[in-house]
Amino acid sequence: MMSKQIITLGLYLDGQRAIPPSNTLGEITVGPKGLLAILETQLGLLADQPSQAERIVQYRDCLASADSASRFYHASFVTDALGTASTLLGWRDLWYLNGWNGQAFYTSSKHLSDLADVEYLASQRVAPSLGQRLAHVLIELEKRQPPITELLLLDPIGSFPARWQAVLGRLPVKFIDCIANAESTSFLGQLQHQLSLAAQGQPFDRLTWQTDGSVLVARSETRALAASWLARQLNNSTPALLVSSADSTRLDAHLSSAGHPRQGFRETNTFRPTLQLLPLALELLWTPLNFNALVQFLTHPISPLPGFARRQLAAKVADAPGIGGKRWEKILTDIDQHYGSEQAPKVREQIRIWVEHLRFGQDEGAPIVAVIDRVRVLVEFFRLRLAVEDIAQRIAFKVGYTQCNACLASLIALQSQGIATIRHSQLQKLVTQATASGSDNPLLVPEVGAHLAITHPGAAIRCIDRVFWWQLTTPNLPNVYPWSKSELCILYEAGVQLPSNDIRLSQTALEWLRPVLAARQQLVLVLPPPGEEVHPLWQMIEAVVTNPEIESLEHLLTESSSLTQSITQLPLPVRKRWLQLPDAVSVPLSTKESFSSLELLLFNPCQWLLKYPAQLRPSNIIGLGGDFRMLGNLAHGLVELYYQRPDALSMSDVDFDRWFATTFEQLVDEEGATLRMSGRGADLQSFHYRLHQSMQTLRQQVALAGMVAVTPEMAISGHFTGGQLVGSVDLVMQNPFGGQVIVDMKWSGVRKFPEKLKHNSHLQLAIYAELLRQKSSAWPSVAYYVIDKARLFASDDRAFPSAEVIASANGENTPQLWFRFLESWKWRKAQIEVGRFEVALESIEATSASIPPDSAMEPEYLNEAYNDYRTLAGWE
């Protein structure tokens, strides 16, 4: 004997948790998708359904086959074929769901007649829609009945689309009124009664707001406070229904933190990690290369490239955006050494596939074969991970696999339709359609003891003690039909029974009332923050209630309540000029220093302490830097490449121009390719012009000075009172008389560096000069060259007769600056030995201990923008 099968059907129950778990057999509560799956299974119609993205590509083919200049969709189709196909397929699916059988329309309407022509092809080429699948179910129901004992309808049969109405008409349907008004004299009962009358268009009496606790309305300026408040209102021992259609995961997090079971609210998101890999991988196909996407691809936690290799490549690209060149080859060599002779060739092949591959112009398009190959590799990448032990990871990989597989199927379908290339915008549209609405977080599942939780008000199907509606924000309203009245009449004559806009809006308003009518004892409404548009339900309440009271939650932050607890406020550390270490802590000085470390030690010892002895490091998250540093590096690099040439001092202007044109382009490709990205053309041309003019000016200065040798990036070393001293000089030049000249190149700073010469505070030049003196026994001349403005600044005209001479205001020179440096170092050394470190920030008032000896250098405030530790200095 066959057991009974009772199905409860609600129009909005797909994906909802609207009823508590029950210990029953042969009974199930479903939405339309769930019932369709049951019917197709029982009638032998169950089949693997293609994704919507595949159906769009199939319909695109039909539109293309029927297209001509006279078609109403022609202009849109030429501009955006996939977008047009998606929209028109939506029309077609809606018609089929509401009774259309694909027949021709006898009309002069171009919309309808053209789509009827397309349907002649689509009926054979496009996978069935929901309406067509229901039509197949109807045909089978003519032959046999599924083993359904009773089908309990929670919504009027007239609220279902026409095709569903036809199917339900052949099943043992029984309508049940799932929610009846609470018979209560409380304010809640009165409100429910009046709202019901208003929704039915009957006369109603305006109510005076009552504070009997049966209806609570709250609002906060922040959702975090509102969520915390709502979490304290819940009682796990009292049955409750939670309604949330916006910001649900935030609410669930606050409920969990307050000790409640997690409710399992899920919000789909297109930015889940596994869904990001496909669009990133395909974005790398195009030229100019999107380096933001490349860095994101290389730093993504899910990647077909091995971890060490992509981290090394990402660091290089972030520091010097480009592919190829000496630095790139050095990174590849390091990668080979890391993976060894057995694995290195495989890793290099992966790098070739994902990074060093051929790229294509966005307007011309990429060969669809190349795109298919790339997506097929990703499909296999995810397929191999579908059996991982971790459930959450397995679900996430399944989502990525489904997305890539849908995209692959669509691409293959396009290829079969004769499409040989695909443009950037078309591929983006295809990926978006394959991604659909994204996926939810597989870790956010309901826990034991969770209350009923729904995201659509129409899913409130049973009365319950308490109802909480979180964030009454504006809902999505039914869209207005895109067809004229005459076209709607023709559609109706063809069997397309579309409900009128008025009926749809009325039905929607009744659905909004369901959670309100479901409450037996208490209704709690949480409004969105002030300034945001509220749900029409609140406007309905305001229409039947005089001066409804809204509790502002901000007062809870200062008053004692269940939401707050008394804490002892601790003041933030106050900014102070000096940091004193405990007696037991000593900080040894390094025996090897450079200008970079000494500058911090002298001018901000606290910053030196945190960076070097304490070794505190800023976040190592890799990201593209700004233009300032990149342009400076490119300029330095090109000057270095030029003066490495043996003919640099004898090259003619014509030969230089030829060399510059070639080398500049190559260097930009290797280390500054972000300048080739879309929208950066003017920046690239400006940089090219300025650097070319600047290098010509530098060549002229070198020629006028009669220099016989120029050495770029000379590594130098020596000693000072504190130990070894090292550095690297941008340019070291030699004149015909054997004298040496140091030129320190800066990308910008036409005000800053002349001031250093004027005040005899050019410490970097002084250190380099002393290190050269220790080798040659003679003090070299020093100068700054500001590349951006092509200006050369020197303390005198001995080395460069055409330089801008900036004489020292106090009459001192570089050797005297060196001796002042030594006195400053001794002064700071004495402070460090007793554990005192100055926090030398301009915003903190100096003390008497901040004044150096008369024989030392004048104090100097460093740029706080380059101080990673400034927030550790305290707060006002």
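This is a predicted model, so every value here is computed, not measured. (Residues numbered from 1 in each chain as written. Predicted model: local features only at pLDDT ≥ 70, side-chain atom pairs only at ≥ 80, totals over all residues. Heavy atoms only, no water.)

Looking at the overall build of the protein chain
The helix and strand tally for the protein chain stands at 28 helices and 25 strands. What you see for the protein chain is a C-alpha radius of gyration of 37 Å, clearly larger than the 29 Å of a compact globule of 876 residues, by over 25%. In terms of overall dimensions, the protein chain has C-alpha extents of about 110 × 70 × 55 Å along its principal axes. Across the protein chain, the fraction of contacts at a sequence separation of at least 24, relative to all contacts at a separation of at least 6, is 74%. Counting every atom, the protein chain has about 42,300 Å² of accessible surface; 52% of that belongs to carbon and sulfur. Separation of charge centres in the protein chain, based on 76 positive and 87 negative side chains, amounts to 3 Å. (Helix = DSSP H or I, 4+ residues; strand = E, 2+ residues; numbered from the N terminus. Rg over C-alpha atoms; globule rule 2.2 N^0.38 Å. Contact = heavy atoms within 4.5 Å. Areas by Shrake-Rupley, 256 points an atom, 1.4 Å probe, with all protein chains shown as cover. Lys, Arg positive; Asp, Glu negative; His and termini not counted. Charge placed at Lys NZ, Arg CZ, Asp CG, Glu CD.)

Considering the nonpolar core
By size, the foremost hydrophobic cluster in this structure holds 88 residues, and its most contacted members are W95 and L411. Residues contacting W95, with those up to four places away along its chain left out, are W100, F105, L112, L115, W483, L491 and V496. Judged by nonpolar contacts, the second largest core, of 41 residues, contains A18, L513, W538 and I541. (Core = buried A, V, L, I, M, F, W, Y, C linked by side-chain atoms within 4.5 Å. Buried < 20%, exposed > 50% of the residue type's maximum accessible area, 1.4 Å probe, protein only.)

Here we look at the sheet that holds strand β2 (residues 27-30)
Sheet architecture is open: four strands sit in the order β2-β1-β3-β4, paired in parallel fashion. Strands with a single pairing partner mark the edges of an open sheet, and in this sheet they are β2 and β4 (173-175). On average, each strand axis in the sheet is tilted by 25° relative to the strand beside it, whichever way the strands run. For strand β1 (residues 6-9) and strand β3 (residues 150-153), the ladder comprises four bridges, and the chain directions are parallel. The residue of β3 that forms the bridge with T8 is L152. (Pairing = 2+ DSSP bridges. Axes fitted to C-alpha atoms, helices over the stretch in contact; angles between N-to-C directions.)

Topic: the environment of T421
With respect to the element layout, T421 can be found in strand β11 (residues 421-422). Sequence separation of T421 and G365 is 56 residues, and the distance between their C-alpha atoms is 5.6 Å. Setting aside its immediate chain neighbours within four residues, T421 contacts E364, A366, P367 and I368.

Here's the deal with the side chain of E812
Mapped onto the fold, E812 is located in the loop between β24 (804-805) and α28 (814-833). Separated by 2.9 Å, the side chains of E812 and R820 make a polar contact. If sequence neighbours within four positions are ignored, E812 has contacts with N760 and R820. (Polar contact = N/O pair within 3.5 Å; in protein donor to acceptor, adjacent residues only side chain to side chain.)

Some words on the packing of aromatic side chains
All told, the structure shown has 28 aromatic pairs when counted by the stated rule. Aromatic side chains F308 and Y339 sit 6.2 Å apart centroid to centroid with 70° between the ring planes, which places their arrangement in the edge-to-face category. One end of the pair, F308, is in helix α13 (residues 307-319); the other, Y339, is in helix α14 (residues 325-354), with 31 residues separating them in the sequence. An aromatic cluster is built from F72, Y73, F77, W91, W95, Y96, W100, F105, Y481 and W483, whose rings are joined through pairwise contacts. Its end group placed over the ring of Y481, R504 keeps NZ or CZ at 4.4 Å from the ring centre. (Phe/Tyr/Trp six-rings, centres within 6.5 Å; stacked < 30°, edge-to-face > 60°. Lys NZ or Arg CZ within 6 Å of the ring centre and 35° of its normal.)

Focus on the sheet that holds strand β6 (residues 215-219)
Taken in spatial order, the six strands make up an open sheet running β12-β7-β13-β14-β6-β16, and their pairing is parallel. Every other strand in the sheet has two partners, leaving β12 (452-454) and β16 (551-552) as the edge strands with one partner each. Across two bridges, β6 lies against β16 in parallel orientation. Along β16, the bridge assignment pairs R219 with S552. Against the sheet, helix α19 (residues 501-518) touches β7 (240-244), β13 (464-470) and β14 (519-527), its axis set at about 125° to β14.

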